[in-house]
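Residue-level listing of the chains:
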Amino acid sequence: MFTRQGLLLSWRETRPYFIFAVILFFAGMVIGGTPNAPTEYLESQLQGIATLSNSIKNSDTPEIMAFLLITANNIFASLMAMGMGIIAGIMPIYTLVANGMVLGYLLSQFSESGENMFMLIVKGLLPHGILELPAVFLACAFGIRFGMTLIRGVFGSAFGKKEPWQPFVRTATGALPAIIVVVVLLLLGAVVESTVTFWLMKP
């Protein structure tokens, strides 16, 4: 499981799903940034983000509160996407597209209000995004892979395919190291977001 050969095999088998996860996320961003984006849905999502932001701002220790809330939210959402992907990969696909749309919509709103987009991305997104986004992509990649290998196992068994469940078993075996990587990256991302990003984005 944790051998170099085992980790490399797990990554080779997961890499296509990882790439697919990246494509879905950025496709969601494009959709969210267009005039035809589902504005009502995206505004409701932003209200949830605003509530989280207000809880942090109103705290006596905003940096600590930011770390706790961001960590809990990101880890829960990522592990749910990974685990619930077993249902035909639906939840991780939804997670990727929905979050991409929210980010695309948010950036389009900032752009329309005349914000300096280059500085906003460099100061407000990149510091923690370079850690959090790969973690989300990896979690969702495993979630999609769980769903696809489960379907293959069911149909493979029905049609008498030899060892139809091996891909699913390898996915489950590789999931534990992936969970560790996801959690570590999200913890580091939350530290950066609650300190570096928080400081850079101060008025």
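Residues numbered from 1 in each chain as written. Predicted model: local features only at pLDDT ≥ 70, side-chain atom pairs only at ≥ 80, totals over all residues. Heavy atoms only, no water.

Under the 1.5 Å per step criterion, the end-to-end length of helix H4 (residues 90–112) is 33 Å for 23 residues, consistent within 8% with the ideal 33 Å. Immediately downstream of H4, the backbone of Gly-114 shows phi near 90 degrees, a positive value. (Helix = DSSP H or I, 4+ residues; strand = E, 2+ residues; numbered from the N terminus. Expected span 1.5 Å × (residues − 1).)

As a volume, the second largest pocket reaches approximately 160 Å³. Residue lining of the second largest pocket: Leu-7, Ser-10, Trp-11, Thr-14, Leu-138, Phe-142, Gly-174, Pro-177, Ala-178 and Val-181, and that is the complete set. Going through the elements one at a time, helix H1 (4–32), helix H5 (117–158) and helix H6 (166–200) are the ones with two or more residues in the lining of the second largest pocket. For the lining of the second largest pocket, the residue count by class is seven nonpolar, three polar and no charged. (1 Å grid on protein atoms, 1.4 Å probe; cavity = no way out; pocket = protein on both sides within 12 Å on 5 of 7 lines; lining within 4 Å. Points joined across faces, edges and corners; volume = space filled by probe spheres on them. Nonpolar A, V, L, I, M, F, W, Y, C, P; charged D, E, K, R; others polar.)

In this model, helix H3 (residues 62–84) (23 residues) spans 32 Å end to end at C-alpha, consistent with the 33 Å of a helix rising 1.5 Å per residue. Among the residues of H3, those classed as buried are Pro-62, Ala-66, Ile-70, Thr-71, Asn-74, Ile-75, Ser-78, Ala-81 and Met-82. Residues of H3 that are buried make contact with helix H2 (39–57), H4, H5 and H6. (Buried < 20%, exposed > 50% of the residue type's maximum accessible area, 1.4 Å probe, protein only. Contact = heavy atoms within 4.5 Å.)

Across the interface, H3 lies against H4 with an axial gap of 6 Å and an inter-helix angle of 140 degrees. Comparing the axis directions of H3 and H4 gives the class oblique. Only Met-91, Pro-92 and Thr-95 of H4 make contact with H3, whose side of the interface consists of Met-80, Ala-81 and Met-84. For the contact of H3 with H4, a count of residues per class yields five nonpolar, one polar and no charged. (Axes fitted to C-alpha atoms, helices over the stretch in contact; angles between N-to-C directions. Parallel < 35°, antiparallel > 145°, perpendicular 65-115°, else oblique.)

Turning next to the confidence of the model for the protein. The pLDDT averaged across the protein works out to 87; a share of 98% of its residues lies at or above 70. Averaged over each element, pLDDT in the protein is lowest for H2 (83) and highest for H4 (92). (pLDDT = per-residue confidence, 0-100.)

Counting 27 residues, the largest nonpolar core has Phe-25, Met-82, Leu-96, Phe-137, Leu-138, Phe-142 and Val-182 as the members making the most contacts within it. When residues of this core are traced back to their parent elements, those giving at least two are H1, H3, H4, H5 and H6. Considering each element in turn, this core owes the most residues, ten residues, to H5. If near-sequence neighbours (up to four positions away) are discounted, Leu-138 is found in contact with Trp-11, Thr-14, Phe-18, Ala-178, Val-181 and Val-182. Leu-42, Leu-46, Met-101 and Tyr-105 belong to the second largest nonpolar core, which has six residues in total. (Core = buried A, V, L, I, M, F, W, Y, C linked by side-chain atoms within 4.5 Å.)

Before going further, it helps to spend a moment on the packing of H2 against H3. At a minimum axis distance of 8 Å, the contact between H2 and H3 shows a crossing angle of 145 degrees. The residues of H3 that touch H2, namely those facing Leu-52, Ser-55 and Ile-56, are Pro-62, Met-65, Ala-66 and Leu-69. Of the residues in the contact of H2 with H3, the class split is six nonpolar, one polar and no charged.

This next bit is on the environment of Leu-8. Relative to the assigned elements, Leu-8 resides in helix H1. Under the relative-accessibility criterion, Leu-8 is labelled partly exposed at 36%. For the pair formed by Leu-8 and Gly-174, sequence separation is 166 residues and the distance between their alpha carbons is 9.9 Å.

How two aromatic rings sit relative to each other is given by the distance of their centres and the angle of their planes. For the coordinates displayed, the defined rule picks out six aromatic pairs. With 5.4 Å between their ring centres and 90 degrees between their planes, Phe-25 and Phe-26 make a pair best called edge-to-face. Ring centres 6.0 Å apart and planes at 85 degrees place the aromatic pair Trp-165 and Phe-168 in the edge-to-face group. The exposure class of Phe-168 is buried, given its relative accessible area of 18%. Grouped by ring-pair contacts, the aromatic residues Trp-11, Phe-18, Phe-25, Phe-26 and Phe-137 constitute a single cluster. (Phe/Tyr/Trp six-rings, centres within 6.5 Å; stacked < 30°, edge-to-face > 60°.)

What follows is about unusual backbone geometry. Phi is positive for Ala-88, which is not a glycine, with a value near 60 degrees. Overall, the relative accessible area of 34% leaves Ala-88 in the partly exposed class.

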